[in-house]
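Residue-level structure breakdown
Here's the letter readout for the chains.
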Amino acid sequence: PFDVLVVGGGPAGASAAIYAARKGIRTGIVAERFGGQILDTAAIENFISVKHTEGPKLAASLEEHVKEYNVDVMNLQRAKRLEKKDFIEIELENGAVLKSKTVILSTGARWRNVGVPGEAEFKNKGVAYCPHCDGPLFEGKHVAVIGGGNSGIEAAIDLAGIVKHVTVLEFMPELKADSVLQDRLYSLPNVTVLKNVQTKEITGTDKVNGITYVDRDTGAEHHIELAGVFVQIGLVPNTEWLGETIDRTRMGEIVVDKRGATTIPGIFAAGDCTDSAYKQIIISMGSGATAALGAFDYLIRN
Ligand code: FAD
């Protein structure tokens, strides 16, 4: 069995694996996609001491750093079940069962779906989640951003510099984004903000050609012609596979203490899959280190 088995290969998991391996204990890391969300990120300018980098480049450095140590890296493997017996068992989609004395869960998060007709059908055919990745595909075209929170307004500001026109659709009567972002947004000439509207359908034939929404004040239905829809309504933690085994918040985030420990002894968690206050690369790396040291502490006491 492993001493520490890390599930998830994003910034949190990579950090946890390195901290664990540096203790000279048997460490493994299982990742569905090594690198995690940063693979979908363009410029990163808030990873302290690195003025500018790009997501895939940072992901490659994470992997290179992990491989400096004696870590068993199992990439392209998805965990589907966790059970605590004599050891903690992690069952993979491929049927293999990994055993470990401690586990660090660092499965991250993913963008929330809006769940209207057309969204799934036109994914990558006009429906997008990552403005940094897909924005340039819509150069000179009309797009919509669903969601008026920070991520939605950041996306709208970003896209306005690339595309012809951006329509922001917010379900609530007010935008939730920080006022500095709203000020910036309203200063742009090619942005329309629709508040108190509900997206009804993303329309298209072979690709997106428009969006239908309902004005919640009047109940009137409207249709706008456009080429792309960016869905920006928040992040969902990748924790469904844990079922009822571990305490999670109403949002599905794993509850951890200041050592990264969950409610089950020997099981720790780090990064965007936890109830940490903010979801950032530097924060997830810090919490990965915390969880690994927490796991090591647990091992020397048990
Ligand atoms: P993730 O990066 O989500 O990694 C999760 C890992 O777990 C992945 O390897 C995944 O494949 C794996 N996994 C999931 N489920 C399973 C399973 N069942 N079995 C096995 N493996 C599994 N942060 C910044 O600080 N600066 C930025 O500029 C920035 N820009 C961003 C731009 C975009 C487009 C996005 C999406 C995010 C951005 N972030 C940024 C946020 C940052 O990427 C995250 O906070 C960070 O990646 C979280 O790291 P993590 O390791 O907790 O999770």
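Residues numbered from 1 in each chain as written. Predicted model: local features only at pLDDT ≥ 70, side-chain atom pairs only at ≥ 80, totals over all residues.

**Points about the overall build of the protein chain**
Within the protein chain one finds 6 helices and 19 strands. Its C-alpha atoms give the protein chain principal-axis dimensions of about 65 × 40 × 35 Å. Looking at the protein chain alone, contacts between residues at least 24 apart form 62% of all its contacts between residues at least 6 apart. (Helix = DSSP H or I, 4+ residues; strand = E, 2+ residues; numbered from the N terminus. Contact = placed C-beta atoms within 7 Å.)

**Some words on the sheet that holds strand S14 (residues 197-204)**
Pairing in this open sheet of 3 strands is antiparallel, and the strands run S14-S15-S16 from one edge to the other. Edge strands, defined here as strands with exactly one partner in the open sheet, are S14 and strand S16 (221-225). Between one strand axis and the next, the sheet turns through 25° on average, direction left out of account. With 7 bridges connecting them, S14 and strand S15 (residues 208-215) associate as antiparallel partners. Bridging across to S15, threonine 203 finds its partner in glycine 210. (Pairing = 2+ DSSP bridges. Axes fitted to C-alpha atoms, helices over the stretch in contact; angles between N-to-C directions.)

**Quick notes on the sheet that holds strand S17 (residues 228-231)**
Ordered in space as S10-S17-S11-S12-S13, the 5 strands form an open sheet in which the pairing is parallel. In this open sheet, the two edge strands, each paired with only one partner strand, are strand S10 (127-128) and strand S13 (191-194). Note: strand S11 (residues 142-146) against strand S12 (residues 165-169), 5 bridges, orientation parallel. Note that in S12 the partner of isoleucine 146 across the bridge is leucine 169.

**Some words on the nonpolar core**
Among the nonpolar cores identified, the biggest contains 45 residues, and Leu5, Ala16, Ala17, Val30, Ile104 and Ala269 are the most heavily contacted of them. Top contributing element to this core by residue count: helix H1 (residues 11-21), with 8 residues. In terms of nonpolar packing, the next biggest core, distinct from the first, is built from 32 residues, Ala160, Leu175, Val208 and Ile233 among them. (Core = buried A, V, L, I, M, F, W, Y, C linked by C-beta atoms within 7 Å. Buried ≥ 20, exposed ≤ 12 C-beta atoms within 10 Å, placed from the backbone.)

**Some details on the environment of glutamate 201**
For glutamate 201, the position within the fold is in strand S14. According to the C-beta neighbour criterion, glutamate 201 is partly exposed, with 16 such atoms within 10 Å. Counting along the chain gives 19 residues from glutamate 201 to alanine 220, while the straight-line C-alpha distance between them is 14 Å.

**Some points on the site of the ligand**
In the vicinity of the ligand, 36 residues are found, and the nearest of them are Gly8, Gly10, Gly36, Gly108 and Gly271. Among the secondary structure elements, those contributing two or more residues to the shell around the ligand are H1, strand S2 (27-31) and helix H6 (281-301). Across the shell around the ligand, the residue classes break down as 14 nonpolar, 16 polar and 6 charged. (Near = placed C-beta within 6 Å. Nonpolar A, V, L, I, M, F, W, Y, C, P; charged D, E, K, R; others polar.)

**Quick notes on the pairing of strand S6 (residues 79-84)**
In terms of strand pairing, S6 meets strand S7 (residues 88-92) through 5 bridges, oriented antiparallel. Bridge pairing links glutamate 83 to glutamate 89 in S7. Two successive antiparallel strands, S6 and S7, enclose a turn made up of 3 residues.

**Side note on the packing of helix H4 (residues 150-160) against helix H5 (residues 179-186)**
For the pair H4 and H5, interaxial distance at closest approach is 10 Å and the crossing angle is 30°. Comparing their axes, H5 and H4 come out roughly parallel. Between H4 and H5 the crossing geometry is left-handed. Only Leu181, Gln182, Arg184 and Leu185 of H5 make contact with H4, whose side of the interface consists of Asn150, Ile153, Glu154, Ala156 and Ile157. Split by residue class, the contact of H4 with H5 holds 5 nonpolar, 2 polar and 2 charged. (Parallel < 35°, antiparallel > 145°, perpendicular 65-115°, else oblique. Left-handed = near helix turned anticlockwise from the far one by under 90°.)

**Regarding H4**
When you tally the buried positions in H4, you get 8 out of 11 residues, the bulk of the element. Turning to H4, its buried residues number three or more, namely Ser151, Gly152, Ile153, Ala155, Ala156, Ile157, Leu159 and Ala160.

**Quick notes on the confidence of the model for the protein chain**
Counting all residues, the mean pLDDT for the protein chain is 95, and 99% of those residues have values of 70 or more. The ipTM value of the predicted complex is 0.99, and its pTM value is 0.82. (pLDDT = per-residue confidence, 0-100.)

**Some details on the environment of serine 61**
When you line up the elements, serine 61 lands in helix H2 (residues 55-67). With 26 residues separating them in the primary sequence, serine 61 and glycine 35 have C-alpha atoms 9.4 Å apart.

**Some words on unusual backbone geometry**
In this structure, serine 49 is a non-glycine residue whose phi angle is positive, near 90°. Relative to the helices and strands, serine 49 resides in the loop between strand S3 (43-44) and strand S4 (53-54). Phi at leucine 76 is positive, roughly 60°, even though this residue is not glycine. Assignment of secondary structure puts leucine 76 in the loop between strand S5 (71-75) and S6.

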